[in-house]
Amino acid sequence: MEIAAEPYPFVLDPEHAALLIIDMQRDFLEPGGFGEMLGNDVTQLRRTIEPNRRLLRERGLKVMHTREGHRPDLFDLPQAKKTRGRSKTSIGDPGPMGRILVRGEAGHDIIPELYPKPGEPVIDKPGKGAFYATDLDAMLQHQGVKQLVVTGVTTEVCVNTTVREANDRGYERLVLEDCVGSYFPEFQEMGLKMIKAQGGIFGWVTTSGEILKALKA
Ligand code: C5J
């Protein structure tokens, strides 16, 4: 199934593809969450909710979700990650929606609009990349997945890191530009340009409209 994409059409094999939705968590997307507390404009991320929801409704692909966060005892939180940013409130501290980026807390969970359905695995990851210290690679291999359709937030951080990790592991990667978001418009633009530059050095970029068109055909 050929999908119009940049830098050139992507040949999707739905039997061997999965939709990987990165970190659509309340603390990153919701007004009043950790992201907004740090001064970020969450509307830049919230515009991705509806296209992701349309994609999920179509149900043409296996679906996996990720969440960035840490064990309640924080044994998996590097000190360098905890102290970076010199913020008065950091990961593990009480935040507006429970302890910040700690598993089991309200803010760590996925937004209700995209909440995983039974049978859709959720990968809890302590890092930015979804492959680091998780069983994602094993799950993809056992499910015969060779292609990843990647959506979620944020474009230049967890999406880009995961796409690069997937590149080194031999997966093909298609990123949907209207379904990924950054708090910073310039990073959104550059984050996507970096993926598709040099003949698609980290992958292909298209829109949810193009993939939905192909899946419905
Ligand atoms: C993600 C972040 N999910 N920006 N995290 O991108 O810290």
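Below you will find a few notes about this structure. Just so it is clear, the structure is predicted and the values come from calculations on it, not from any experiment.

Here is what the cut-offs are and how they apply
Residues numbered from 1 in each chain as written. Predicted model: local features only at pLDDT ≥ 70, side-chain atom pairs only at ≥ 80, totals over all residues. Heavy atoms only, no water. Near = heavy atom within 4 Å. Polar contact = N/O pair within 3.5 Å; in protein donor to acceptor, adjacent residues only side chain to side chain. Areas by Shrake-Rupley, 256 points an atom, 1.4 Å probe, with all protein chains shown as cover. Core = buried A, V, L, I, M, F, W, Y, C linked by side-chain atoms within 4.5 Å. Buried < 20%, exposed > 50% of the residue type's maximum accessible area, 1.4 Å probe, protein only. Helix = DSSP H or I, 4+ residues; strand = E, 2+ residues; numbered from the N terminus. Contact = heavy atoms within 4.5 Å. Pairing = 2+ DSSP bridges. Axes fitted to C-alpha atoms, helices over the stretch in contact; angles between N-to-C directions. Salt bridge = Lys/Arg side-chain N within 4 Å of Asp/Glu carboxyl O. Arc of directions from axis to C-beta. Parallel < 35°, antiparallel > 145°, perpendicular 65-115°, else oblique. Left-handed = near helix turned anticlockwise from the far one by under 90°. Nonpolar A, V, L, I, M, F, W, Y, C, P; charged D, E, K, R; others polar.

Here we look at the site of the ligand
Taken together, Asp23, Phe28, Glu68, Lys128, Val153, Thr154, Val157 and Cys158 make up the full set of residues near the ligand. Here a nitrogen atom of the ligand sits 2.8 Å away from a polar atom, N or O, in the side chain of aspartate 23. Protein coverage of the free-state accessible area of the ligand, which is 230 Å², stands at 86%.

With respect to the nonpolar core
Grouped together as the largest cluster of nonpolar side chains are 36 residues, with contacts concentrated most on Leu12, Leu174 and Ile211. At the level of elements, strand S3 (17-22), helix H1 (26-29), helix H4 (49-58), strand S8 (147-153), strand S9 (172-181) and helix H9 (208-216) are the ones that each hand at least two residues to this core. If one sorts the elements of this core by residue count, H9 sits on top with 4 residues. Contacts of leucine 12, omitting those with residues within four sequence positions, involve Met1, Ile3, Ala17, Leu61, Gln147, Val149, Ile211 and Leu215. Membership of the second largest hydrophobic core comes to 23 residues, among which are Phe131, Val159, Ala166 and Tyr171.

What to know about the sheet that holds strand S7 (residues 122-125)
Read across the sheet, 6 strands follow the order S7-S4-S3-S8-S9-S10 without closing on themselves; strand pairing throughout is parallel. Both outer strands of the open sheet, S7 and strand S10 (204-206), are each paired with one neighbouring strand and no more. Taking the axes of each pair of neighbouring strands and ignoring which way they run, one obtains an average angle of 25° across the sheet. Pairing of S8 with S9 involves 6 bridges; the strand directions are parallel. The residue bridging valine 153 from the neighbouring strand is glycine 181, located in S9. Contacts from H4 reach S3, strand S4 (62-68), S8 and S9, with the element oriented near 130° to S9. Here helix H7 (residues 155-168) sits on the sheet and contacts S3, S4, S7, S8 and S9; the angle it forms with S8, its principal contact strand, is near 165°.

Quick notes on the pattern of salt bridges
Tallied over the full model, the rule gives 15 salt bridges. Note that glutamate 113 is salt-bridged to arginine 46, the shortest N-O span being 3.4 Å. Separated by 67 residues along the polypeptide, glutamate 113 in the loop between strand S6 (98-99) and S7 and arginine 46 in helix H3 (residues 43-46) bring together distant segments of the chain. Since its relative accessible area comes to 28%, arginine 46 is described here as partly exposed. Among the salt bridges present, the one from lysine 81 reaches glutamate 68, with a minimum N-O distance of 2.8 Å. Of this pair, lysine 81 sits in helix H5 (residues 79-83) while glutamate 68 sits in strand S4, and the two are 13 residues apart along the sequence.

Looking at H9
Note that an α-helix has 3.6 residues per turn; residues three or four places apart therefore point the same way. Along H9, the positions that sit buried rather than exposed are Ser208, Ile211, Leu212, Ala214 and Leu215. Down the axis of H9, the sector holding all buried residues measures 165°, keeping them to one side. Exposed residues lying more than 90 degrees from the buried face of H9 are Lys213 and Lys216. Against strand S1 (2-3), H4, S8 and S9 lie the buried residues of H9.

Some thoughts on the packing of H4 against H9
It is at 10 Å that the axes of H4 and H9 come closest, and there the two elements cross at 15°. Classified by the angle their axes make, H4 and H9 are roughly parallel. For the pair H4 and H9, the sense of crossing is left-handed. Taken together, the residues of H9 that come into contact with H4 (itself represented by Pro51, Arg54, Leu55 and Glu58) are Ser208, Ile211, Leu212, Leu215 and Lys216. Partitioned by chemical class, the residues of the contact of H4 with H9 number 5 nonpolar, 1 polar and 3 charged.

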